[in-house]
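# Observations on chain architecture
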Amino acid sequence: MTGADAGARPDPVLLRRRQDRRSRARTRLTALAFAAPLVAYLAAFYLYPLYRNLDLSLRDYTVRSFVAGDAPFTGWENVRKVLDDPAFGPAMRHTLVFTFVSIAFQYAIGLALAVFFNRRFPLSAVLRALFLIPWLLPLIVSASTWSWMFNSESGVVNYFLRFFGVDPVGWLTSPDWALASVVIANIWIGIPFNLVILYSGLQNIPAELYEAASLDGASSWQRFRRITFPLLRPVSAITLLLGLVYTLKVFDLIWIMTKGGPGDASSTLATWSYQLGFGTLLPKFGPGAAVGNILILIALVFGLLYVRLQRRQEA
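Bear in mind that the values here come from a model prediction, so they are computed numbers and not experimental data.

## Considering the overall build of the chain
In terms of regular secondary structure, the chain is built from 16 helices and zero strands. In terms of C-alpha radius of gyration, the chain reaches 28 Å, well past the compact-globule figure of 20 Å for 315 residues. The dimensions of the chain, computed from C-alpha atoms along their principal axes, are 115 × 75 × 35 Å. Burial analysis of the chain (315 residues in total) assigns 35% to the buried set. Summarising the internal contacts of the chain: among those between residues at least 6 apart in sequence, 65% fall at separations of at least 24. When the accessible area of the chain is evaluated, it comes to approximately 19,700 Å², of which 67% is carbon and sulfur surface. Considering the chain, the positive charge centre built from 29 side chains and the negative charge centre built from 18 side chains are found 10 Å apart.

## Describing the packing of aromatic side chains
Following the criterion strictly, the structure yields 21 aromatic pairs and no others. Between phenylalanine 278 and phenylalanine 285, the aromatic rings sit 6.3 Å apart at their centres with planes inclined by 75°, giving edge-to-face as the arrangement. Taking relative accessible area as the criterion, phenylalanine 278 reaches 59% and is therefore assigned exposed. Under the relative-accessibility criterion, phenylalanine 285 is labelled buried at 13%. Taken together, the ring pairs in this structure connect Trp146, Phe150, Trp171, Trp177 and Trp188 into an aromatic cluster.

## Let's talk about the side chain of serine 236
Along the chain, the position of serine 236 falls in helix α13 (residues 233-248). Those residues in contact with serine 236 that lie beyond four places of it in its chain are Tyr107 and Leu198.

## Description of a nonpolar patch on the surface
The grouping of Leu123, Val126, Leu127, Leu130, Phe131, Ile133, Leu137, Ile140, Val141, Trp188 and Ile256 at the surface amounts to a nonpolar patch, some 910 Å² of accessible area in total. Of all the secondary structure elements, the ones that give two or more residues to the nonpolar patch are α6 (124-131) and α8 (139-149). If you tally residues by element for the nonpolar patch, the top one is α6, at four residues. Its location among the elements puts tryptophan 188 in helix α10 (residues 178-203). The exposure class assigned to tryptophan 188 is partly exposed, which follows from its relative accessible area of 31%.

## Points about the packing of helix α11 (residues 207-215) against helix α12 (residues 220-231)
The contact between α11 and α12 brings their axes to 10 Å, and the two run at 165°. As the angle between them shows, α11 and α12 are arranged roughly antiparallel. At the point where α11 passes α12, the crossing takes the right-handed sense. Contacts from Leu209, Tyr210, Ala213 and Ser214 of α11 reach α12 at Arg223, Ile227, Thr228 and Leu231. Among the residues forming the contact of α11 with α12, the class breakdown is five nonpolar, two polar and one charged.

## Concerning α10
Since one α-helical turn is 3.6 residues long, residues separated by three or four positions face the same way. Between its first and last C-alpha, α10 extends 39 Å over 26 residues, near the 38 Å set by a 1.5 Å rise per residue. The sharpest bend along α10 reaches about 30° and sits at glycine 190, with the proline proline 192 one to four residues further on. Among the 26 residues of α10, 19 are classified as buried, and the element is accordingly described as predominantly covered.

Conventions and cut-offs
Residues numbered from 1 in each chain as written. Predicted model: local features only at pLDDT ≥ 70, side-chain atom pairs only at ≥ 80, totals over all residues. Heavy atoms only, no water. Helix = DSSP H or I, 4+ residues; strand = E, 2+ residues; numbered from the N terminus. Rg over C-alpha atoms; globule rule 2.2 N^0.38 Å. Buried < 20%, exposed > 50% of the residue type's maximum accessible area, 1.4 Å probe, protein only. Contact = heavy atoms within 4.5 Å. Areas by Shrake-Rupley, 256 points an atom, 1.4 Å probe, with all protein chains shown as cover. Lys, Arg positive; Asp, Glu negative; His and termini not counted. Charge placed at Lys NZ, Arg CZ, Asp CG, Glu CD. Phe/Tyr/Trp six-rings, centres within 6.5 Å; stacked < 30°, edge-to-face > 60°. Patch = residues over 30% accessible without salt bridge, like charges linked within 9 Å, V, L, I, M, F, W, Y side chains within 5 Å. Salt bridge = Lys/Arg side-chain N within 4 Å of Asp/Glu carboxyl O. Axes fitted to C-alpha atoms, helices over the stretch in contact; angles between N-to-C directions. Parallel < 35°, antiparallel > 145°, perpendicular 65-115°, else oblique. Left-handed = near helix turned anticlockwise from the far one by under 90°. Nonpolar A, V, L, I, M, F, W, Y, C, P; charged D, E, K, R; others polar. Expected span 1.5 Å × (residues − 1). Bend = angle between axes of the 7 residues up to and from the residue.

So yeah, pure geometry; function would need other evidence.
See the structure below:
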């Protein structure tokens, strides 16, 4: 082999580097190809609607300008109108009551049922499946069923009240009971979700911990307080966060049962936003979108609080 031939041979180190660069480039392209559908989905169904809702809240849209697309820019004027509106206070208060009361009872009842079903007994699987029915039913069916049950004249709830000598209650027609009625219905719908998530969390707790606690003479309440509840904190946190985000935006249940009434006795930010945007002959698209942005902001704040708490626990 001549010196010229030896000098023409490529350096093996350079060849390896080129191959590594090509391999990394192919890996990045493959990753981008797999991520592209997800990015496109998020952009089309999340980012763009969020942008459009923000744009609606910053402009003075009418039906004509909504079609023509020439609505004047008004800045934060729509937000100011919403905050100054007398309906904002009751809607915010009802939203907070509806959300936190629903979440508290859904979590407490779901946790109690999860602990109950965590024990092995006959028909446990069948009963767990039956408890999933409220979660599996279409929401319009659940809301219509509760509307019938709470009917002042022919509802089964007032029938039992009369049977026990109690005066019937205007569940959906009384300002004192309308909000409580939709809260009860929402609690019933949300219990199965809490049951499923918390039950799965209980399955991941080692049985040896309970056996050791029993040998040490710990009671059932002590085992729950010292073992079950602390080890369920990560699962409980995500359950409560998801329940919060979902409950904040509940619209269809309230609208089917009470339409936010009577008056504004059961109106929330979600129903008020719909009423502003679509509930009148002269829709107020801008203020309605501004109320929607307030809901998004509230959910975002609680989401960030959850992330911060998780990081603090992991640290």
